[in-house]
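This is what each chain is made of:
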Amino acid sequence: MKKIVLFVVAVCTMCLCFAGCNNTGKSQVKYVLYCGLNDADTGSQMLTVTDAQTAARKVITDRGLGYTEYVTYGAYTENDAVKGNDTLVYVLFYVEKVDAQSVAKEIKETLHLAAVLVEEVADSYGFAE
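Nothing here was measured: the structure is a model prediction, and the numbers come from that model.

Caption draft 1: Structural detail: the overall build of the chain. Along the chain, the regular secondary structure elements total 3 helices and 4 strands. Reading the chain from its N terminus to its C terminus gives the helix and strand order α-β-α-β-β-α-β. Expressed as a percentage of the 129 residues in the chain, the buried residues total 27%. A separation of at least 24 residues holds for 70% of the contacts in the chain among residues at least 6 apart in sequence. Here the chain displays about 8600 Å² of accessible surface, and carbon together with sulfur accounts for 59% of that area.

Structural data, given as structure tokens:
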């Protein structure tokens, strides 16, 4: 009887250990960086999307991080005027908050932007098996 109980406990322990190897269903945090391309001084877009992408990608990959990139268009209001711009959106998975903040700060400085919005999203994700 003791051998059966020990066997069941061992099998359950192994199953729990292997379950931790797959991130599917495990709560994680991803960071989404919204980089509106209007220049901090002029308030209008000075860089092309292509030039901005090249610079922002280098900031991220020089840190050894991966990303998903979207090119979008966005707008905001300032003094009752609508200001639109091309916007680069970067989704960062499996990074620490400090790394996401550091990437956002460097992209902001490199592209000379007034701000980069950082969204922290608690989510559940993993790789397909």
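Caption draft 2: The sheet that holds strand β2 (residues 68–78), seen in detail. Judged by pairing direction, the sheet is antiparallel, and its 4 strands sit side by side in the order β2-β3-β1-β4 without closing on themselves. Among the strands making up the open sheet, the edge pair consists of β2 and β4 (117–124). Direction aside, neighbouring strands of the sheet carry axes that sit 30° apart on average. Relative to strand β3 (residues 81–92), strand β1 (residues 27–36) is paired through 6 bridges, and the arrangement is antiparallel. Within β3, the residue paired with Cys-35 across the bridge is Leu-88. In the packing of helix α2 (residues 49–61) onto the sheet, the strands contacted are β2 and β3, and the crossing angle to β3 comes to about 35°.

Caption draft 3: Broad picture of the nonpolar core. Judged by nonpolar contacts, the single largest core of 21 residues is most densely connected at Leu-33, Cys-35 and Ile-107. When contributions to this core are tallied by element, the ones reaching two or more residues are β1, α2, β3 and α3 (97–111). Residues contacting Cys-35, with those up to four places away along its chain left out, are Asp-86, Thr-87, Leu-88, Tyr-90, Ile-107, Leu-113 and Val-116.

Caption draft 4: Just the packing of aromatic side chains, in detail. What the rule picks out here adds up to 4 aromatic pairs. Ring plane angle 75° and centroid distance 5.6 Å describe the contact between Tyr-67 and Tyr-90, whose orientation is recorded as edge-to-face. Of the two residues, Tyr-67 is situated in the loop between α2 and β2 and Tyr-90 in strand β3; the sequence distance between them amounts to 23 residues. Ring geometry for Tyr-94 against Phe-127: centres 6.0 Å apart, planes inclined by 10°, an arrangement best described as stacked. Separated by 33 residues along the polypeptide, Tyr-94 in the loop between β3 and α3 and Phe-127 in the segment after β4 bring together distant segments of the chain.

Caption draft 5: Spotlight on the side chain of Asn-85. Along the polypeptide, Asn-85 turns up in strand β3. A polar side-chain atom of Asn-85 sits 3.3 Å from a polar atom in the side chain of Thr-87. Excluding its chain neighbours within four sequence positions, the residues that come into contact with Asn-85 are Gly-36, Leu-37, Asn-38, Gln-45, Thr-72, Tyr-73, Gly-74 and Tyr-76.

Caption draft 6: Expanded view of the packing of α2 against α3. α3 packs onto α2 with a crossing angle of 145° between their chain directions and a minimal axis gap of 10 Å. Note that α2 runs across α3; the crossing there is right-handed. Note on element contacts: α3 touches α2 through Val-103, Glu-106, Ile-107, Thr-110 and Leu-111, opposite Ala-52, Ala-55, Ala-56, Val-59 and Ile-60. Looking at side-chain class alone, the contact of α2 with α3 contains 8 nonpolar, 1 polar and 1 charged residues.

What counts, and at which threshold
Residues numbered from 1 in each chain as written. Predicted model: local features only at pLDDT ≥ 70, side-chain atom pairs only at ≥ 80, totals over all residues. Heavy atoms only, no water. Helix = DSSP H or I, 4+ residues; strand = E, 2+ residues; numbered from the N terminus. Buried < 20%, exposed > 50% of the residue type's maximum accessible area, 1.4 Å probe, protein only. Contact = heavy atoms within 4.5 Å. Areas by Shrake-Rupley, 256 points an atom, 1.4 Å probe, with all protein chains shown as cover. Pairing = 2+ DSSP bridges. Axes fitted to C-alpha atoms, helices over the stretch in contact; angles between N-to-C directions. Core = buried A, V, L, I, M, F, W, Y, C linked by side-chain atoms within 4.5 Å. Phe/Tyr/Trp six-rings, centres within 6.5 Å; stacked < 30°, edge-to-face > 60°. Polar contact = N/O pair within 3.5 Å; in protein donor to acceptor, adjacent residues only side chain to side chain. Left-handed = near helix turned anticlockwise from the far one by under 90°. Nonpolar A, V, L, I, M, F, W, Y, C, P; charged D, E, K, R; others polar.

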